[in-house]
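A look at the structure
Below are the chains, spelled out letter by letter.
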Amino acid sequence: MRGVIEGGWEFVIAAYVITAVVLLGYAFSVCWRLWKAPRHDAGR
Amino acid sequence: MGNSRWPFVTAGLGLALLVWGSVWGLFYAPREVYMGDVQRIMYVHVPTAWNAMLVLTFAFACAVLSLLRGGWGWDARLEAAVEGGVVLSALLCTQGSIWARPTWGVWWDWDPRLTTTAVLLFAFAGILALRGFVDDPVKRAVWTAVAVVIAYVDVPLVYFSVRWWNSLHQLQSTPETVSRAFHWPLRINAFGVLFLMIGLVELRARLAWQRRAAESAPPLPSGVAVATGRL
Amino acid sequence: MSGFLAALRKDLLLQWRTRAQFVAVFVFGATALLLFSFAIGPDAAALRQHSAGFLWLGLLLSSTLALADSFESEVQHRALEGLLLLPADPRALYYGKALANVLQLTVLGVGLVPVIVVLYDAFTARIPALLAIIVLGAAGLSAPGTLYSAMTAQMRARNTLLPLLLFPLVVPALLAAVKSTSLLILGDPMGQLTSWVALLVAFDAVYWSLCGLVFERVVED
């Protein structure tokens, strides 16, 4: 069945890839910073 | 702030749901009649939109509680929620732009919801900047909370003003109407982003908590540190 | 009430004493308007079409200078702590200063109107309506502007943070003010003016009450 908008797969892929990169990147960023954070009780 | 593992589990579950929902929406959901495959962007765009608003509403709640009840816990969660909200808003604007290009031929179509998100993005990013410049932790907590309350109250005003401003020129439907789409990938992804953000906001709040505690902890004299074997 | 009037009188007096600075802010605003026309080009029709937008953008940019200065003296001479020690309600302090800022921005706006008449051929016969919109728009800028000015006056990078925080916030007021002014200049065939003014009034009502409420927390020690 032909839709009014043809193709456009590159936009769909771009949207999904960017979403994945941003969400995974932010998750990684939070975990990384938490791991690196100074702990006030350990005196490091 | 706790040390337990639940946020990691929740975030992991969220990611798993997102993979499931995205694969479903990308490859197995039926093609939409008029928008074709571009409609599939909705399976990530709409969940992001719902959760962006949810996270910012949570930020507002934290701000109110921080002002009324005080305590560093609410301030830490506030910082986490504002940052998470900024990330989701930025993502939302990017997705909206990518959707607009094949649909309307322009990179930005001044859709009221998306434009409101852009304004919110700038407002909350500014609040993060504000936070970075205040050294006194008490003032920082109060001022960010006040700024968040003020910015959040603005949301309906911004939305209506932009919608009105735009209605005289364009009459296209907003992308969030997915009545023709298959609902399941949407719901799965919505819960996916939700669980992911719940986990991440909690972790980010712990980070904020630890940073603030480190900020106010007195520095150990180096002699003591060496003597007790900590250095 | 007496606290409010005293605060208002103090701020008006301060503004009068620093009127040289005000002239500089006005020149800045007028220069901005000139630059806008260079950005658009000498297309008279286009300039007239967008004149309302230029006026309010010029006023918005000038307001960052005017508002940033409004707490200058309080901070410089540590007068803020002194004022807060007085038995007057801190809200009176806020409303006095905010109202003084409205006045200043209104005078600024009114002063810029002849500039747009000359540069953009943007004239309206409905002077009272235009004045009302300028006052309402100035009020919209002044309420959150005074609050954030109090906040940022106490920190570094204040000149960047004030506009950064203020600009996204006042979008509804800016839109409403621009549309209202535009309808006055270009004509209002569909009678939309009252709706836009109502939006502006709603924005002012929300922020004048909210900012007054939280001001005390922002300046407390």
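Reading guide: rules and limits
- Residues numbered from 1 in each chain as written.
- Chains lettered and ligands numbered in written order.
- Predicted model: local features only at pLDDT ≥ 70, side-chain atom pairs only at ≥ 80, totals over all residues.
- Heavy atoms only, no water.
- Helix = DSSP H or I, 4+ residues; strand = E, 2+ residues; numbered from the N terminus.
- Rg over C-alpha atoms; globule rule 2.2 N^0.38 Å.
- Buried < 20%, exposed > 50% of the residue type's maximum accessible area, 1.4 Å probe, protein only.
- Contact = heavy atoms within 4.5 Å.
- Areas by Shrake-Rupley, 256 points an atom, 1.4 Å probe, with all protein chains shown as cover.
- Lys, Arg positive; Asp, Glu negative; His and termini not counted.
- Charge placed at Lys NZ, Arg CZ, Asp CG, Glu CD.
- 1 Å grid on protein atoms, 1.4 Å probe; cavity = no way out; pocket = protein on both sides within 12 Å on 5 of 7 lines; lining within 4 Å.
- Points joined across faces, edges and corners; volume = space filled by probe spheres on them.
- Nonpolar A, V, L, I, M, F, W, Y, C, P; charged D, E, K, R; others polar.
- Expected span 1.5 Å × (residues − 1).
- Patch = residues over 30% accessible without salt bridge, like charges linked within 9 Å, V, L, I, M, F, W, Y side chains within 5 Å.
- Salt bridge = Lys/Arg side-chain N within 4 Å of Asp/Glu carboxyl O.
- Buried area = accessible area lost by both parts, 1.4 Å probe.
- Polar contact = N/O pair within 3.5 Å; in protein donor to acceptor, adjacent residues only side chain to side chain.
- Phe/Tyr/Trp six-rings, centres within 6.5 Å; stacked < 30°, edge-to-face > 60°.
- Core = buried A, V, L, I, M, F, W, Y, C linked by side-chain atoms within 4.5 Å.
- Axes fitted to C-alpha atoms, helices over the stretch in contact; angles between N-to-C directions.
- Parallel < 35°, antiparallel > 145°, perpendicular 65-115°, else oblique.
- Left-handed = near helix turned anticlockwise from the far one by under 90°.

1. Structural notes on the overall build of chain C
Counting its secondary structure elements, chain C contains eleven helices and zero strands. Here the C-alpha radius of gyration of chain C, 18 Å, is about what a compact globule of 221 residues would show, namely 17 Å. Each principal axis of the C-alpha atoms in chain C carries an extent, and together these give about 55 × 30 × 25 Å. Buried residues in chain C amount to 52% of all 221 residues. Considering only contacts within chain C whose residues lie at least 6 apart along the sequence, 82% involve residues at least 24 apart. Surface exposure of chain C reaches about 9800 Å², of which carbon and sulfur atoms provide 70%. Both charge centroids of chain C, one from 13 positive and one from 13 negative side chains, sit 3 Å from each other.

2. Remarks on empty space enclosed by the protein
Enumeration according to the criterion identifies two cavities of 30 Å³ or more in this entry. Forming the walls of the largest cavity are Thr116, Val119, Leu120, Ala123, Ala151, Asp154, Val155 and Val158 of chain B together with Pro168 and Leu169 of chain C. Counting residues per element, the ones that place at least two in the lining of the largest cavity are helix 4 (112–133) and helix 5 (137–167) of chain B together with helix 9 (158–169) of chain C. Taken together, the residues of the lining of the largest cavity sort by class into eight nonpolar, one polar and one charged. Volume-wise, the second largest cavity comes out at about 40 Å³. Together, Ala123, Ile127, Ala147 and Ala151 of chain B together with Tyr148, Leu165 and Leu169 of chain C line the second largest cavity.

3. Observations regarding helix 2 (residues 42–69) of chain B
For helix 2 of chain B, which comprises 28 residues, the first-to-last C-alpha distance of 39 Å matches the rise-based estimate of 40 Å (1.5 Å per residue) to within 8%. A positive phi of about 70° marks Gly70 of chain B, the residue just after helix 2 of chain B.

4. Observations regarding a nonpolar patch on the surface
Residue and element names in this part refer to chain A. On the surface, Trp9, Ile13, Val17 and Val21 cluster together to form a nonpolar patch covering roughly 340 Å² of accessible area. In this fold, Val21 is placed in helix 1 (residues 9–36). Residue classification places Val21 among the exposed positions, given a relative accessible area of 55%.

5. Considering the interface of chain A and chain B
One frequent convention defines the size of an interface as the accessible area lost when the parts assemble. Listed by partner, the interface residues are 31 residues for chain A and 44 residues for chain B. For the pair chain A and chain B, the summed buried surface comes to about 3400 Å²; carbon and sulfur atoms form 75% of the total. At the junction of chain A with chain B, the criterion picks out one salt bridge. Arg33 of chain A serves as the salt-bridge partner of Glu83 of chain B, at 2.9 Å between the closest nitrogen and oxygen.

6. Regarding the interface of chain B and chain C
Opposite the 29 residues of chain B that make contact, chain C presents 31 residues. Here chain B meets chain C over a buried area of about 2700 Å², counting both sides, of which 75% is carbon and sulfur. On the surface where chain B and chain C come into contact, there are one salt bridge. Connecting chain B to chain C are six residue pairs in polar contact (both at pLDDT 80 or more).

7. Observations regarding the packing of aromatic side chains
Across all of its chains, the model carries 17 aromatic pairs over all chains by this definition. Their ring planes at 55° and their centres at 6.4 Å tell us that Phe11 of chain A and Trp107 of chain B sit as a pair that is tilted. One end of the pair, Phe11 of chain A, is in helix 1; the other, Trp107 of chain B, is in the loop between helix 3 (72–104) and helix 4, on a second chain. For Phe11 of chain A, a relative accessible area of 19% gives the class buried. Here the aromatic cluster, defined as three or more aromatic residues joined through ring pairs, consists of Phe71, Tyr94, Tyr95, Trp208 and Phe215 of chain C.

8. A look at the nonpolar core
The biggest cluster of nonpolar side chains holds 123 residues, and the ones touching the most others in it are Phe124, Leu130, Val146 and Ile150 of chain B together with Leu147, Tyr148 and Tyr207 of chain C. The dominant element in this core, judged by the number of residues it contributes, is helix 11 (residues 193–219) of chain C, at 13 residues. In this structure Leu147 of chain C touches Val146 and Ile150 of chain B together with Tyr94, Cys211, Val214, Phe215 and Val218 of chain C, once residues within four positions along its chain are discounted. Counting residues in hydrophobic clusters, the runner-up holds 17 residues, among them Val44, Val46, Ile98 and Trp99 of chain B.

9. Let's talk about unusual backbone geometry
The residue Trp110 of chain B is not glycine, and still its phi comes out positive at about 55°. Counting through the fold element by element, Trp110 of chain B comes out in the loop between helix 3 and helix 4. With relative accessibility at 40%, the residue Trp110 of chain B sits in the partly exposed group. One non-glycine residue, Asp121 of chain C, lies in the positive phi region at around 55°.

10. Some thoughts on the packing of helix 2 (residues 19–40) of chain C against helix 4 (residues 51–70) of chain C
Any two packed helices are characterised by how steeply their axes cross, that is the angle between the axes, and by the distance between the axes. Residue and element names in this part refer to chain C. In contact at an axis separation of 9 Å, helix 2 and helix 4 are set at 150° when each is read in the N-to-C sense. Taken together, the axes of helix 2 and helix 4 are roughly antiparallel relative to one another. Here helix 2 and helix 4 pass one another in a crossing that is right-handed. Between helix 2 and helix 4, the residues in contact are Gln21, Val25, Phe28, Gly29, Leu33, Phe36 and Ile40 and Phe54, Leu55, Leu57, Gly58, Leu61, Ser62, Leu65, Ala66 and Asp69, respectively. Considering only residue class, the contact of helix 2 with helix 4 consists of eleven nonpolar, four polar and one charged.

Distances and angles like these do not, on their own, reveal function.
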